[in-house]
Amino acid sequence: MTNVAGGLARVGFRGAVWQGLALVGGKAIVLITTIVLARLLSPEQYGLVAAALVLMAYVETVADAGVAQALVYLPPSGVAARSALLVSVVLGTSLALLTFFSAPWIAGLFQLPDVGPLVQVLSIAVLATSLGAVPEALLRRDLLFRRLAVAPIIRALVTGVLSLVLAFAGYGAFSLAAGTAAGTVAYAATCWWLVRKGAPWQIWRVAKNALRANLKFGVPVAGSNLLARLIFDIDYVIIGVILGAQALGYYTLAFRLPEALIINVFFVLSTVLFPLYTQVQHQPERLRDGYLKGVRVQSLYGMTAGVGLAVLAPILVPLVFGGQWSESVIPLVFLALYAAARSLGAGANDVYKAIGRPGISITFSLIRLAVLVPVLLVAAQWGIIAVACAQMATALLFAIGMQTVAAKVIHIGPKAMLRAVLPAFACSIAVAAAGTIMFLQPYLGAPLTAALVFVTAIAAVYGVLRFGFPTLHNELLHLVRRRQDAPAE
């Protein structure tokens, strides 16, 4: 990533830009949809859909047995792609059918009977996810991020339009479930259309060694991803079971902004960084340098955005979603700080996979899940605010642990790692100070106060970077200028 002539940094930045544009476009549509639905649906209805989506997310995570990630890691070949598709088709179909027929039992297990029909609708999304995994992986493997950027926008449009149409027609929670399923189908179809010339349709032409190679790498990755998903969503399950659908609705809405503005950004960057790290896995110096740059940028964005969102939470919730969601304000403060804490550990799992050691991710995830579940079970006794606080504290603890191990396996010294995250801490302190100063001024109304806090925070961050970290400031400007001068893919 440090070789300017070779262009890996440029490719990485271009990939991040295109995926970022897709994210911004898609999430803008999702945010608008969420705002409208928040005013049409009750917290209980919102919570029911959230519970169904969480259960489906667990199934979708393993719907391709991790073979999509294997395609990015393994040397390109037609037989590998066909073998991966065969695994995805068989496993995805099986899981979709299992989900559909077990939906009533799942709803009874979680004591939410109205979730059953929603799970059955979302079983369509399970099948679509598995069928779309291989073409998406082929596009990522070949670093065709610009081409892939259209898919999430189409998914967001289909999801948003159908959800709103059905919600206005009075279909309640079903509207969001149906929109989500339709959007996932649209995403898979778009990915296949984008790789139409190189599509590995002939799934009967496979080889045992290719199947073995895909599963050898993919199954541990799928296990790691499932554990990561359990960690990411276990709070929803615990809240839904212990506190009920209404509390889950408030908590889910509070999570929407940090998820859309911060956490999903890291998911996008992960899809870019993993193939890039894979390409330099045998060049330790470039891998280390690239990883430190990734940590620096991700922590800078995550910490400043998380602290800024926490500062603005009391204004944003009633302004954006309406006064009926006031119980989401305090959880949003701590969930925004939770997202900031997660940013300190961003990138570690990508580098574990890139060097062929996904087992490290699994070990970390098992330990984290073993710690998180009892902590959240206890916290839930005091409500969703306590759950959000517990999430924040646990995320910070494990971010430190993950970066410590990542630094060890690729031989980065502790001083280098601390220097990488120092700008993030400095800028987040500046954001907190800027927000506090603006709130001490006479109240000018929610929209104007939010705008002033935002502008002041941006100015504070720029000042810290310009005068406190001029090298990072210049590197970021250099990347932007190179992006402007770079030829289209």
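Residues numbered from 1 in each chain as written. Predicted model: local features only at pLDDT ≥ 70, side-chain atom pairs only at ≥ 80, totals over all residues. Heavy atoms only, no water.

Going by the annotation in an unreviewed UniProt entry, the name recorded for the chain is Lipopolysaccharide biosynthesis protein, with Pseudarthrobacter polychromogenes given as the source organism. The annotation that UniProt attaches to the chain under Subcellular location (unreviewed entry) is "Cell membrane". UniProt, in the comment section headed Sequence similarities (unreviewed entry), describes the chain in these words: "Belongs to the polysaccharide synthase family." (UniProt positions renumbered as here; feature names shortened; annotations may be inferred.)

1. A short note on the overall build of the chain
Across its full length, the chain holds 18 helices and zero strands. The buried share of the chain, reckoned over its 489 residues, is 56%. A sequence separation of at least 24 residues applies to 84% of the contacts in the chain between residues at least 6 apart. When the accessible surface of the chain is split by element, carbon and sulfur atoms take 70% of a total near 20600 Å². (Helix = DSSP H or I, 4+ residues; strand = E, 2+ residues; numbered from the N terminus. Buried < 20%, exposed > 50% of the residue type's maximum accessible area, 1.4 Å probe, protein only. Contact = heavy atoms within 4.5 Å. Areas by Shrake-Rupley, 256 points an atom, 1.4 Å probe, with all protein chains shown as cover.)

2. Here we look at helix 17 (residues 446-468)
Its 23 residues place the ends of helix 17 32 Å apart at the C-alpha level, agreeing with the 33 Å of an ideal helix rising 1.5 Å per residue. Of the residues making up helix 17, those classed as buried are Ala446, Thr449, Ala450, Val453, Ala457, Val461 and Leu465. (Expected span 1.5 Å × (residues − 1).)

3. Section: a nonpolar patch on the surface
A cluster of nonpolar side chains, contributed by Val241, Ile242, Leu243 and Leu377, occupies part of the molecular surface with about 280 Å² of accessible area. Take leucine 377: it is sitting in helix 14 (residues 359-379). The exposure class of leucine 377 is partly exposed, given its relative accessible area of 37%. (Patch = residues over 30% accessible without salt bridge, like charges linked within 9 Å, V, L, I, M, F, W, Y side chains within 5 Å. Salt bridge = Lys/Arg side-chain N within 4 Å of Asp/Glu carboxyl O.)

4. Examining the confidence of the model for the chain
For the chain, the average pLDDT comes to 79, and 81% of its residues sit at 70 or higher. When pLDDT is averaged over each helix and strand of the chain, the minimum, 58, is found for helix 1 (residues 8-40) and the maximum, 93, for helix 12 (residues 329-343). Taken as a whole, residues 1-6 scores under 50 in pLDDT and shows 13 contacts with residues more than four places along the chain or in a different chain. (pLDDT = per-residue confidence, 0-100.)

5. Topic: the packing of helix 7 (residues 150-168) against helix 8 (residues 173-194)
What describes two packed helices is the angle between their axes and the distance between those same axes. Two numbers describe how helix 7 lies on helix 8: the axes approach to 7 Å, and their chain directions differ by 155°. Compared by their axis directions, helix 7 and helix 8 come out roughly antiparallel. For the pair helix 7 and helix 8, the sense of crossing is right-handed. Looking at the contact of helix 7 with helix 8 residue by residue, the classes come out as 16 nonpolar, eight polar and one charged. (Axes fitted to C-alpha atoms, helices over the stretch in contact; angles between N-to-C directions. Parallel < 35°, antiparallel > 145°, perpendicular 65-115°, else oblique. Left-handed = near helix turned anticlockwise from the far one by under 90°. Nonpolar A, V, L, I, M, F, W, Y, C, P; charged D, E, K, R; others polar.)

6. Points about the environment of methionine 438
Relative to the assigned elements, methionine 438 resides in helix 16 (residues 414-439). Linking methionine 438 and threonine 456, residues 18 residues apart in sequence, is a C-alpha distance of 7.9 Å. Leave out the neighbours within four places in its chain, and methionine 438 touches Leu452, Val453 and Thr456.

7. Topic: the environment of tyrosine 277
Along the chain, tyrosine 277 falls in helix 10 (residues 245-279). Taking C-alpha positions, tyrosine 277 is 8.9 Å from lysine 353, a pair spaced 76 residues apart along the chain.

8. Examining the packing of aromatic side chains
The description of two aromatic rings rests on the distance between their centres and on the angle between their planes. Throughout the structure, instances matching the rule amount to seven aromatic pairs. Here the aromatic rings of tyrosine 171 and phenylalanine 174 are separated by 6.1 Å at their centres, their planes lie at 45°, and the arrangement is tilted. With a centroid separation of 5.9 Å and an interplanar angle of 65°, the aromatic rings of tyrosine 236 and phenylalanine 255 are classed as edge-to-face. Of this pair, tyrosine 236 sits in helix 9 (residues 208-242) while phenylalanine 255 sits in helix 10, and the two are 19 residues apart along the sequence. Judged on exposure class, the residue tyrosine 236 and its partner phenylalanine 255 are both buried. A connected cluster of aromatic rings, assembled from ring pairs, spans Tyr236, Tyr251, Phe255 and Tyr338. Here the basic side chain of arginine 155 rests over the ring of tyrosine 187, its NZ or CZ set 4.1 Å away from the ring centre. Seen from the ring of phenylalanine 467, arginine 466 lies directly overhead, with NZ or CZ sitting 5.5 Å from the centre. (Phe/Tyr/Trp six-rings, centres within 6.5 Å; stacked < 30°, edge-to-face > 60°. Lys NZ or Arg CZ within 6 Å of the ring centre and 35° of its normal.)

9. Describing the packing of helix 5 (residues 115-141) against helix 8
Across the interface, helix 5 lies against helix 8 with an axial gap of 8 Å and an inter-helix angle of 25°. In terms of orientation, helix 5 and helix 8 fall into the roughly parallel class. By crossing handedness, the relation of helix 5 to helix 8 is classed as left-handed. In the contact of helix 5 with helix 8, the residues fall into 20 nonpolar, four polar and two charged.

10. A look at the pattern of salt bridges
Scanning all chains against the criterion turns up three salt bridges. Taking the shortest distance from any N to any O, the salt bridge between glutamate 259 and arginine 256 comes out at 3.0 Å. Of this pair, glutamate 259 and arginine 256 both sit in helix 10, three residues apart, which is roughly one turn of that helix. Notably, a salt bridge pairs lysine 293 with aspartate 289, separated by 3.7 Å at the nearest N-O pair.

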